[in-house]
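The residues making up each chain are set out below.
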Amino acid sequence: MTTLAILTAAGSGTRLGRDVPKALVEVDGLPLVVHAARRLAGSGVVDALVVTSPPGMAGLVAGVLADDPLVGVPVRVVDGGATRQASVAAALAVAGPDDDVVLVHDAARPFAPAALVRRVVAAVRAGHRAVVPGVPVVDTIKSVSAALPAPAAGHGPASAVETVTGTPERAVLRAVQTPQGFDRALLARAHAEGAARAGADHLAATDDAGLVEALGEPVVVVPGDEAALKITTERDMHLAALYAGDAHHAAVAPGGER
Ligand SMILES: Nc1ccn([C@@H]2O[C@H](COP(=O)(O)OP(=O)(O)OP(=O)(O)O)[C@@H](O)[C@H]2O)c(=O)n1
Ligand SMILES: C[C@](O)(CO)[C@H](O)COP(=O)(O)O
């Protein structure tokens, strides 16, 4: 039985605003997708990768991964879809019958430590069929709805945009990261039902665990890691540069802590 890691790299990186797709943007001289692939492969618990590429760029993505000596597992590249959910579904479609455990990881989280990868896989292999890494939330979070009608002219702020509808108890909130780990059959069922339910792209799930939750199946949380931050805007690139140079976050021997 084997562990397959789906590495999502098909996004355009609109919020980062570079002239190449985000996964091909370089930190410390290497594209983000290569950093992420190195850590998955170097964990010692991933047997193969399926990488989602921006449509039409599969050859380029395959080339940068093939050229890297530290991506030491077989890599297959498939064209991604219009949403992250569709990209994961395209990758999942090429999983083999022996791939009993599937990880889904974002190239946008290139410095997720190898120890985090091992923690997620260990939890799935211990019998948890859906596993997410999570970190405590530091901000107070509000739920909101559309704005109330603007107050009469001359009273109150000119541009109230939303209305607070609640304040969830912070202690029970977690910001979830990737890699997320799954029993393959469960993830395949979650995606099949999610695709049927979504219909429109704007209803696509923002993570894979959400699709499992929608089935009513349990999802467990293991401790995440601040190094698994998601690169979304230019500000995140400065943090990424810190982690790129931190040898403790690079791949280390299986079983070793980072
Ligand atoms: N159609 C898509 C959209 C996103 N992703 C991947 O999903 C991860 C998380 O997406 P995000 O950080 O939102 O990346 P982008 O969609 O590229 O960013 P933006 O929304 O700013 O365009 C990234 O690794 C991205 O490459 C994907 O494989 N296919
Ligand atoms: C999957 C994810 O990284 C978990 O935090 C996140 O949901 C991706 O979000 P995005 O909407 O693709 O930015």
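Owing to the predicted nature of the structure, the values given are computational and were not obtained by experimental measurement.

In this structure, the largest pocket occupies an estimated 740 Å³ of space. Lining the largest pocket are 32 residues; nearest its centre among them are Gly11, Arg15, Lys22, Arg84 and Lys230. The residue inventory of the lining of the largest pocket, partitioned by class, reads nine nonpolar, 15 polar and eight charged. When its volume is computed, the second largest pocket comes out at roughly 180 Å³. Val135, Pro136, Val137, Val138, Asp139 and Ala175 are the residues that line the second largest pocket. Class assignment of the residues belonging to the lining of the second largest pocket gives a composition of five nonpolar, no polar and one charged.

The environment of ligand 1 is formed by 19 residues, the closest being Thr8, Gly13, Thr14, Arg15 and Ser87. At a separation of 3.0 Å, an oxygen atom of ligand 1 approaches a polar backbone atom of alanine 10. At 3.1 Å, a side-chain N or O of threonine 52 approaches an oxygen atom of ligand 1. Coverage of ligand 1 by the protein amounts to 86% of the 570 Å² it exposes when considered alone. In this structure, ligand 1 is accommodated by the largest pocket.

This paragraph deals with unusual backbone geometry. Trans is the prevailing form of peptide bonds, just as negative phi is the prevailing case for residues other than glycine. Backbone torsion omega between threonine 178 and proline 179 reads 10°, so that peptide bond is classified as cis. Among the secondary structure elements, proline 179 is positioned in the loop between β10 (174-176) and β11 (180-183). Although it is not a glycine, aspartate 28 sits at a positive phi angle of roughly 55°. Tracing the backbone through its elements, the reader meets aspartate 28 in the loop between β2 (26-27) and β3 (30-31).

Rules and cut-offs
- Residues numbered from 1 in each chain as written.
- Chains lettered and ligands numbered in written order.
- Predicted model: local features only at pLDDT ≥ 70, side-chain atom pairs only at ≥ 80, totals over all residues.
- Heavy atoms only, no water.
- 1 Å grid on protein atoms, 1.4 Å probe; cavity = no way out; pocket = protein on both sides within 12 Å on 5 of 7 lines; lining within 4 Å.
- Points joined across faces, edges and corners; volume = space filled by probe spheres on them.
- Nonpolar A, V, L, I, M, F, W, Y, C, P; charged D, E, K, R; others polar.
- Near = heavy atom within 4 Å.
- Polar contact = N/O pair within 3.5 Å; in protein donor to acceptor, adjacent residues only side chain to side chain.
- Areas by Shrake-Rupley, 256 points an atom, 1.4 Å probe, with all protein chains shown as cover.
- Sits in = over half its atoms within 2 Å of the grid points.
- Helix = DSSP H or I, 4+ residues; strand = E, 2+ residues; numbered from the N terminus.

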